[in-house]
Amino acid sequence: MRGQMMPNDLLISDLLEHAVRNHAQQQIISRRLDGRIVRHSFHEFAQRCRQLAGVLQDLDVRVGDRIATLAWNTHRHLEAYYAISGIGAIVHTVNPRLFAHQIEYILQHAEDRILFVDISFIAMVEAMLPRLPRIEHVIALSDWGDKPQGERWLCYEGLLSDQPAHFAWPRFDAQTAAALCYTSGTTGQPKGVLYSHSSTLLHAMAACRADAIGIGPDSVIMPVVPMFHVCAWGVPYAALMAGARLILPGAALDGAALSELIQSEGCNIALGVPTVWMGLLAHLRQHGQRLTSLQRVVIGGSAAPLAMIREFDQVHAAFVMHAWGMTEMSPLGSTNTPTPELLALPAEERYQRQLSQGRAVFGLHMEIFHEDGQAMPHDGQAYGHLKVRGPWVLAHYYRSDVPATQDGWFDTGDIASIDAQGYMRIVDRAKDLIKSGGEWISSIDLENAALGFPGVREACVIGIAHPRWEERPLMLVIAESTPLDIAGLRQYLQNQVARWWLPDSILEVSELPHTATGKLSKLTLRAHYADYYQDLIT
Ligand code: ADP
């Protein structure tokens with residue numbers, strides 16, 4: 001017998017109208033590219049979204065059309081999110097930090113019809129437009145007249161001002177595509193992940209839960225993670241769903257700009273990758289400042305180092321919540337939410353536990369598997385290939401005929417352990433694990449250990465071919481102030497990790513390459529240092 005309840009046809013436009021009906025006066029605070037702060041109530045914001053929907057309809061945008069954005073976290077970008085998906089088209093967020101040829105490839109592959117562009121990217125787009133004949137209009141996210149000449153160029157505020165504040169959102173199936181995001185393509189071409197209205201809303205509901213990120217009307221939440229990176233981890237949807245105050249930091253993501261915004265707006269939850277927090281903490285340290293409003297820092301994208309967890313707690317009384325996921329998972333998979341047991345632990349013991357990427361959020365099932373396909377025990381020791389399934393996990397890449405899953409599971413490419421309470425710990429990305437003499441070394445654990453040594457600002461460990469051991473770790477470090485006491489660091493590491501894990505060489509470097517999503521670019525480094533041990537030995 002089937003249940004007799006109404007069908008699930010919730011759309012992103014329903015989320016917007018819900019937010020207005022129930023939290024009309026809640027605010028979206030946005031820092032423009034010129035540094036000015038603008039505030040819109042949910043009521044005003046929704047009116048602007050409806051106006052933009054009218055613009056898109058006048059430009060003949062149809063259900064299923066791809067509309068791209070190259071933009072920072074601002075209210076206009078957020079309006080594009082809601083208006084594009086609201087009319088049944090697909091908001092395709094493009095990462096402006098990718099190489100120009102990758103951006104062109106992505107725009108061509110997605111066959112975008114319209115491109116929204118922040119003014120900081122106008123020159124880049126002007127240069128590539130001749131090779132993008134499918135793009136009919138480029139809308140500069142700017143005030144009146146602030147756009148290049150040329151027949152394809154339009155001005156955002158000019159278009160909006162001609163539209164009424166009423167718009168009847170169309171109804172369609174909740175499985176309809178809503179947003180498109182490409183992976184960063186560290187190996188091979190970027191691949192498209194196409195989210196639906198249903199997957200987006202389920203994911204947002206899961207993110208809000210108290211046992212996940214914990215977002216509510218008392219939250220003042222700032223996604224520092226860009227809206228071009230996996231939809232800013234779903235915060236643009238979750239914040240409106242929960243009636244939270246949303247802060248969009250614009251283009252200035254340096255330590256000074258972030259600390260100023262956190263303090264002036266009373267931000268209590270902020271989300272981002274570790275490199276962003278390194279910048280913020282360095283700035284605060286240098287100026288002897290303390291953050292007073294921040295309660296929770298959600299860190300994902302790469303492992304949060306122990307030293308960072310400690311510093312946020314001890315200096316700023318902010319809890320670091322590790323979250324794990326990926327583009328193919330919308331992205332949320334697990335969160336290390338504080339529990340009474342965790343908070344009762346002595347500080348250092350608690351920090352160790354906070355290193356875990358946490359427990360699965362409701363709706364997401366994760367398991368670890370041996371090479372031979374056997375599921376492995378949840379004992380906190382055994383580690384294997386981490387696979388996931390759930391309603392916001394990818395089944396097919398965009399415009400690919402090959403299913404992305406095997407046996408119903410999506411292979412994340414990560415190696416992890418899971419303990420009896422469900423806490424998962426990423427050991428490494430499968431391709432970054434270092435195979436030495438038939439045993440595995442975790443590059444993440446080694447980096448984490450190095451970051452505990454005073455004076456180390458950033459550390460990167462890669463596996464390099466070795467004539468005797470197959471691979472051996474090479475450590476590259478950036479010092480807070482040069483020169484670094486390398487012998488002291490080596491001594492320190494001896495007490496932190498197994499002896500055979502110690503890197504054969506530790507090199508001090510002035511900078512480390514990062515990918516377009518802020519991760520250490522180990523691929524580049526492995527290529528650069530490929531023969532390092534070979535040359536050293538011969
Ligand atoms: P891409 O795959 O395009 O680099 P994603 O942002 O989708 O970008 O990256 C997902 C990967 O990032 C995960 O598979 C995992 O290796 C890593 N990752 C994400 N969150 C964490 C975390 N909290 N700790 C350690 N690694 C993480």
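Just so you know, these numbers come straight off a predicted model, no measurement behind them.

### Points about the overall build of the protein chain
Reasoning step 1: From N to C terminus, the protein chain includes 18 helices and 25 strands.
Reasoning step 2: Out of the 538 residues belonging to the protein chain, those deemed buried represent 59%.
Reasoning step 3: When contacts within the protein chain are restricted to residue pairs at least 6 apart in sequence, long-range pairs at least 24 apart make up 66% of them.
Reasoning step 4: Approximately 22400 Å² of the protein chain is accessible, and the part contributed by carbon and sulfur atoms is 51%.
Reasoning step 5: Put simply, the protein chain has 43 plus and 56 minus side-chain charges, and the middle of one group is 2 Å from the middle of the other.

### Points about the pattern of salt bridges
Reasoning step 1: Applying the stated criterion across every chain yields a total of 28 salt bridges.
Reasoning step 2: Between E17 and R50 there is a salt bridge, with the nearest N and O atoms lying 3.1 Å from each other. Taken as a pair, E17 in helix α1 (residues 12-23) and R50 in helix α2 (residues 42-58) lie far apart in primary sequence, 33 residues in all.
Reasoning step 3: For R50, a relative accessible area of 12% puts it in the buried group.

### What about helix α3 (residues 75-86)?
Reasoning step 1: Counted at 1.5 Å a residue, the expected span for α3 with its 12 residues is 16 Å, and the 16 Å between its end C-alpha atoms agrees.
Reasoning step 2: Buried residues of α3: H75, R76, H77, L78, E79, A80, Y81, Y82, A83, I84, S85 and G86, and no others.
Reasoning step 3: Downstream of α3 by a residue or two, G88 has a phi angle that is positive, lying close to 95°.

### Describing the pairing of strand β13 (residues 296-299)
Residues in a regular strand project their side chains so that they alternate between the two faces of the sheet.
Reasoning step 1: Burial along β13 is two-sided: the face carrying R296 and V298 and the face carrying V297 and I299 are both buried.
Reasoning step 2: Relative to β13, strand β12 (residues 269-272) runs parallel, the two being bridged by four bridges. Paired with I269 across the two strands is R296, which belongs to β13.
Reasoning step 3: Handedness of the crossover is the feature at issue here: the chain leaves β12, passes through helix α11 (residues 274-286), returns alongside β13, and the resulting connection is right-handed.
Reasoning step 4: As paired elements, β13 and strand β14 (residues 319-325) share four bridges and run parallel to each other. The residue of β14 that forms the bridge with R296 is F319.
Reasoning step 5: The handedness of the β13 to β14 crossover, carried by helix α12 (residues 306-316), is right-handed.

### What about the site of the ligand?
Reasoning step 1: Around the ligand sit 19 residues in total, of which S184, A323, T327, D414 and K519 are the nearest.
Reasoning step 2: G301 places a main-chain nitrogen or oxygen 2.9 Å from a nitrogen atom of the ligand.
Reasoning step 3: One of the side-chain nitrogen or oxygen atoms of K519 is found 2.9 Å away from an oxygen atom of the ligand.
Reasoning step 4: In isolation the ligand offers 560 Å² of accessible surface; the protein chains occlude 94% of this area.
Reasoning step 5: Top element by residues in the shell around the ligand is β14. It accounts for four residues.
Reasoning step 6: Partitioning the shell around the ligand into residue classes produces five nonpolar, 11 polar and three charged.
Reasoning step 7: Shared between two domains, the shell around the ligand holds at least three residues of each, these being domain 1 (12-354) and domain 2 (365-429).

### As for the state of the cysteines
Reasoning step 1: The tally for this structure, following the rule as stated, stands at zero disulfides.
Reasoning step 2: Looking at the unpaired C208, the closest cysteine sulfur is the one in C231, lying at 15 Å.
Reasoning step 3: Assessed through its relative accessible area of 13%, C208 is described here as buried.

### Section: the sheet that holds strand β5 (residues 114-118)
Reasoning step 1: Reading across the sheet, the seven strands line up as β7-β6-β5-β3-β4-β8-β9 and stay open at both edges, with mixed pairing between neighbours. Unpaired on one side and paired on the other, β7 (153-155) and β9 (192-196) mark the two borders of the sheet. In this sheet, adjacent strand axes meet at a mean angle of 25° when their direction is disregarded.
Reasoning step 2: Pairing geometry for strand β4 (residues 90-93) and strand β8 (residues 177-182), over three bridges, is parallel. Opposite V91, over in β8, you have A179 as the bridge partner.
Reasoning step 3: Strands in contact with α3 are β3 (66-70), β4, β5, β6 (137-141) and β8; relative to β4, the strand with the most contacts, it is inclined by about 145°.

### Comments concerning the pairing of strand β11 (residues 245-248)
Reasoning step 1: Judged from the three bridges that link them, strand β1 (residues 27-31) and β11 form a sheet pairing that is parallel. Looking across to β11, one finds that I29 is bridged to I247.
Reasoning step 2: Looking at chain direction, strand β10 (residues 220-223) and β11 are connected through two bridges and run parallel. Across the sheet, the residue bridging to V220 is R245, located in β11.

### Remarks on the domain arrangement of the protein chain
Reasoning step 1: Here the domain parsing of the protein chain yields domain 1 (12-354), domain 2 (365-429) and domain 3 (433-537).
Reasoning step 2: For domain 2 and domain 3, the distance between their C-alpha centres works out to 27 Å.
Reasoning step 3: Opposite the seven residues of domain 2 that make contact, domain 3 presents seven residues.
Reasoning step 4: Between domain 2 and domain 3, a total of about 540 Å² is buried, with carbon and sulfur atoms accounting for 47% of that surface.
Reasoning step 5: Where domain 2 touches domain 3, the interface holds one salt bridge.
Reasoning step 6: We note a salt bridge from R425 to D445, for which the minimum N-O separation is 3.9 Å.
Reasoning step 7: The interface formed by domain 2 and domain 3 includes three residue pairs in polar contact (both at pLDDT 80 or more).
Reasoning step 8: Looking at the side of domain 2 that touches domain 3, the element that brings in the most residues is strand β20 (residues 424-429), giving five residues.

### Observations regarding the packing of helix α10 (residues 255-265) against α11
Reasoning step 1: Contact pair α10 / α11: the axes reach a minimum separation of 8 Å and the direction vectors enclose 80°. Taken together, the axes of α10 and α11 lie roughly perpendicular to each other. Across from G255, A256, L258, S259 and I262 in α10, the residues of α11 making contact are V276, G279, L280, H283 and L284.
Reasoning step 2: Looking at the contact of α10 with α11 residue by residue, the class counts come to six nonpolar, four polar and no charged.

Definitions and limits used
- Residues numbered from 1 in each chain as written.
- Predicted model: local features only at pLDDT ≥ 70, side-chain atom pairs only at ≥ 80, totals over all residues.
- Heavy atoms only, no water.
- Helix = DSSP H or I, 4+ residues; strand = E, 2+ residues; numbered from the N terminus.
- Buried < 20%, exposed > 50% of the residue type's maximum accessible area, 1.4 Å probe, protein only.
- Contact = heavy atoms within 4.5 Å.
- Areas by Shrake-Rupley, 256 points an atom, 1.4 Å probe, with all protein chains shown as cover.
- Lys, Arg positive; Asp, Glu negative; His and termini not counted.
- Charge placed at Lys NZ, Arg CZ, Asp CG, Glu CD.
- Salt bridge = Lys/Arg side-chain N within 4 Å of Asp/Glu carboxyl O.
- Expected span 1.5 Å × (residues − 1).
- Pairing = 2+ DSSP bridges.
- Right-handed = clockwise from strand over helix to strand, strands pointing away.
- Near = heavy atom within 4 Å.
- Polar contact = N/O pair within 3.5 Å; in protein donor to acceptor, adjacent residues only side chain to side chain.
- Nonpolar A, V, L, I, M, F, W, Y, C, P; charged D, E, K, R; others polar.
- Domains from an automatic or database assignment.
- Disulfide = S-S within 2.5 Å.
- Axes fitted to C-alpha atoms, helices over the stretch in contact; angles between N-to-C directions.
- Buried area = accessible area lost by both parts, 1.4 Å probe.
- Parallel < 35°, antiparallel > 145°, perpendicular 65-115°, else oblique.

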